[in-house]
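Chains, contacts and geometry: an overview
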Amino acid sequence: MWRRLPLYWKILLGMFAGVLIGIAAVAAGADWLVRDWVKPFGVIFLNLLKLIAVPLIFASLVTGIAGLKDISRLSRIGVKTIAIYILTTVLAVTIGLLLVNLVQPGNSFPAEKRVEFLARYGGDVEGQQVTAAGLLEGSPLQFLVEAIPENAVAAASENRNMLQVIFFAMLFGVAMVAVRHPHVEVVSGFISGVNEIVLKMIEFIMRFAPVGVLALMAGLIVDFSGDSLADSLHLFTTLGLYALVVIGGLLAVALLLYPLFIRVFSGVSFRQFYRALFPVQLVAFSTSSSAATLPVTMEQVEKELGVSNEITSFVLPVGVTINMDGTSLYQAVAAVFIAQVFGIELTLAQQLTIIVTATLASIGTAGVPGAGIVMLIIVLNAVGLPVEGLALILAVDRPLDMLRTVLNVTGDAMVATIIAKSEGKRITAGT
Ligand code: ASP
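This text gives an overview of the structure that appears in the document. (Residues numbered from 1 in each chain as written. Predicted model: local features only at pLDDT ≥ 70, side-chain atom pairs only at ≥ 80, totals over all residues. Heavy atoms only, no water.)

**Focus on the pattern of salt bridges**
- Tallied over the full model, the rule gives eleven salt bridges.
- A salt bridge links Glu 310 to Arg 73; its shortest N-O distance comes to 3.6 Å. With Glu 310 in helix α15 (residues 309-322) and Arg 73 in helix α4 (residues 72-103), this pair connects stretches of sequence that are 237 residues apart.
- Residue Lys 303 pairs with Glu 203 through a salt bridge whose shortest N-O separation is 3.6 Å. In this pair, Lys 303 sits in helix α14 (residues 290-303) while Glu 203 sits in helix α9 (residues 182-207), placing the two residues 100 residues apart along the sequence.
- A relative accessible area of 45% means that Lys 303 is categorised as partly exposed.
- By relative accessible area, Glu 203 is classed as partly exposed at 25%.
- Ionic contacts of the salt-bridge type, sharing partners, join the residues Arg 73, Arg 76, Lys 80, Glu 310 and Glu 423 into one network. (Salt bridge = Lys/Arg side-chain N within 4 Å of Asp/Glu carboxyl O. Helix = DSSP H or I, 4+ residues; strand = E, 2+ residues; numbered from the N terminus. Buried < 20%, exposed > 50% of the residue type's maximum accessible area, 1.4 Å probe, protein only.)

Structural data, given as structure tokens:
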């Protein structure tokens, strides 16, 4: 029975069980039980996903490039991918801006709460500021410089250097195709064999997903209830309208904008797309990391949506690093919310600056938990808003992070199907 259940059901059940276990532990005052005996399995699951990322990107991208009949296609796919990524991000930010200006959640935020939140979370903001200050230094081309590693092994040793791994794999793949030599064919066959093995490893890891997700959720519930329940409820009611605007924006993109793109450009049906993506979204939700979710995204988009490896191997890893529709939308809403709370009227030019900087900031955001709020500092700086404003939204950031990560991975997968269709590369979708 369990074996025949579709993956998303298993993960969903794991998630519910995790929430129940978390709540039960908190209610019984047995938080330690979850912390010591359940949460570690969540960390193990996360580590397993991260473990596979570098070999997956390398083997899959090199195999993908080797499969391209002509290399000029690579640059065409590259240009199209980046253009669509930027377009969807700008649209997502615009939707966020429209909503936050319409609902104006910051205007009803009580002044005494502002003082209270600034005092309470102000200290936490300093750490984020230091991280963002480092990012702001250097030339505007810094991101390009950083994409080119000076040491291949060092690049592969850090999951944060995904763009560097992508660069190395592309250079390697293109050079491999350019050399005609029997020895090179051996290498090509070897890497494609590694690719098959890595895919099998993902399959094994995903069998552990229901338990991993259970442990992650139980751990989150226990961590969340660190403060008293009444305290957490109080936070949610004060910041409720802001959170609702972010959630409304994410839903508008997922349920209105994406279906439009999917319908017009992708050749898959809305239902088919979301059915295939559901397990990916559940993993994104419970890990809050689009980078950690990448192996699952690749597996589902290839297997269930029939997008070929040539496309997914390039489009998805690049998407994880540069395409974050959920994060950019959230950054726009958060920036305007902070302005509203501080009673700062934003001009049209400033709102346009938010569109540009939120798009750029989301490109620079790593696909790891909490990265979006650090990059928000860049948006705030660009329009001259007080960085202390982060203290206002910090308390509800984690749940919003979970949700925006879901949109981030959904956007990447959607673009993969569009590129596949435009390249005539989509095979029939799986069952
Ligand atoms: N957690 C997000 C992701 O991994 C990034 C963020 O917005 O913090 O996609």
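**Points about the packing of aromatic side chains**
- Under the counting rule described, the total for this entry stands at ten aromatic pairs.
- Among the aromatic residues, ring-to-ring pairing joins Tyr 8, Trp 9 and Phe 278 into one connected group. (Phe/Tyr/Trp six-rings, centres within 6.5 Å; stacked < 30°, edge-to-face > 60°.)

**Examining the site of the ligand**
- Not every one of the 16 residues close to the ligand is listed here, only the nearest: Ser 290, Thr 327, Gly 372, Asp 401 and Arg 404.
- Contact distances for the ligand include 2.6 Å between an oxygen atom and a side-chain N or O atom of Ser 290.
- In this structure, Ala 371 approaches the ligand through a main-chain N or O atom, which is 3.1 Å from an oxygen atom.
- In isolation the ligand has 270 Å² of accessible area, and contact with the protein removes 100% of it.
- Taken together, the elements giving at least two residues each to the shell around the ligand come down to α18 (371-382) and α20 (397-422). (Near = heavy atom within 4 Å. Polar contact = N/O pair within 3.5 Å; in protein donor to acceptor, adjacent residues only side chain to side chain. Areas by Shrake-Rupley, 256 points an atom, 1.4 Å probe, with all protein chains shown as cover.)

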